[in-house]
Amino acid sequence: QLQLVESGGGLVQSGGSLRLSCLASGRSFTTYTMGWFRQAPGKEREFVARHHWSGTTSYSDSVKGRFTISRDNAKSTVYLQMNELKPEDTATYFCAGDNFGWSSDPVSYNYWGQGTQVTVSS
């Protein structure tokens, strides 16, 4: 089992920045694809960014150029640096792990954290 714990959420003004962290434990995640997803009230969970163990990254169009995903295998941590935040970025952000492939579909991810709330005020 891979346990994931997110942190770093909070309230920020439009245009501000936050860095989310996801600490993994329980097993090595070095060969996992790690993803960030978000879910706003009344909406489906949506893909934000993913990081393949080889170093390849991918972003949704809505965050491309503003968000950066990275990972530190020595610290068993995945990060999401969020810049130029907008009110529409308000959501609960989830970290997830996929040990089989390279997908942006949340259904493909086996392990999930509990989420951290990000609220962007206008």
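For the structure itself, consult the block above.
First, a word on what this report is: a plain description of the structure on this page. The structure presented is a predicted model; accordingly, all values stated were derived computationally and were not measured.

Bringing the side chain of Arg50 into the picture now. Looking at where Arg50 falls in the secondary structure, it is placed in strand S5 (residues 46-51). For Arg50, which is buried and forms no salt bridge, the nearest opposite charge comes from Asp98, at a distance of 7.4 Å. Side-chain polar atoms of Arg50 contact the backbone oxygen of Trp102, separated by 3.2 Å. Residues contacting Arg50, with those up to four places away along its chain left out, are Thr33, Met34, Gly35, Thr56, Thr57, Ser58, Ile69, Trp102, Ser103, Ser104 and Tyr109.

Within the open sheet, the four strands sit side by side as S1-S3-S8-S7. Their pairing is antiparallel. Every interior strand has two partners, whereas the edge strands, strand S1 (3-7) and strand S7 (67-72), have only one. Averaged over neighbouring strand pairs, the angle between their axes works out to 15° when direction is ignored. Bridge count between strand S3 (residues 18-25) and strand S8 (residues 77-82): six bridges; the pairing is antiparallel. Paired with Leu18 across the strands is Met82, a residue of S8.

The next thing to look at is unusual backbone geometry. One non-glycine residue, Ser76, adopts positive backbone phi at about 55°. Note on placement: Ser76 falls in the loop between S7 and S8. Judged by relative accessible area, which is 23%, Ser76 ranks as partly exposed. Its identity is not glycine, yet Glu84 carries a phi of approximately 50°, on the positive side. Within the fold, Glu84 resides in the loop between S8 and strand S9 (91-98).

Cut-offs applied
Residues numbered from 1 in each chain as written. Predicted model: local features only at pLDDT ≥ 70, side-chain atom pairs only at ≥ 80, totals over all residues. Heavy atoms only, no water. Helix = DSSP H or I, 4+ residues; strand = E, 2+ residues; numbered from the N terminus. Buried < 20%, exposed > 50% of the residue type's maximum accessible area, 1.4 Å probe, protein only. Lys, Arg positive; Asp, Glu negative; His and termini not counted. Salt bridge = Lys/Arg side-chain N within 4 Å of Asp/Glu carboxyl O. Polar contact = N/O pair within 3.5 Å; in protein donor to acceptor, adjacent residues only side chain to side chain. Contact = heavy atoms within 4.5 Å. Pairing = 2+ DSSP bridges. Axes fitted to C-alpha atoms, helices over the stretch in contact; angles between N-to-C directions.

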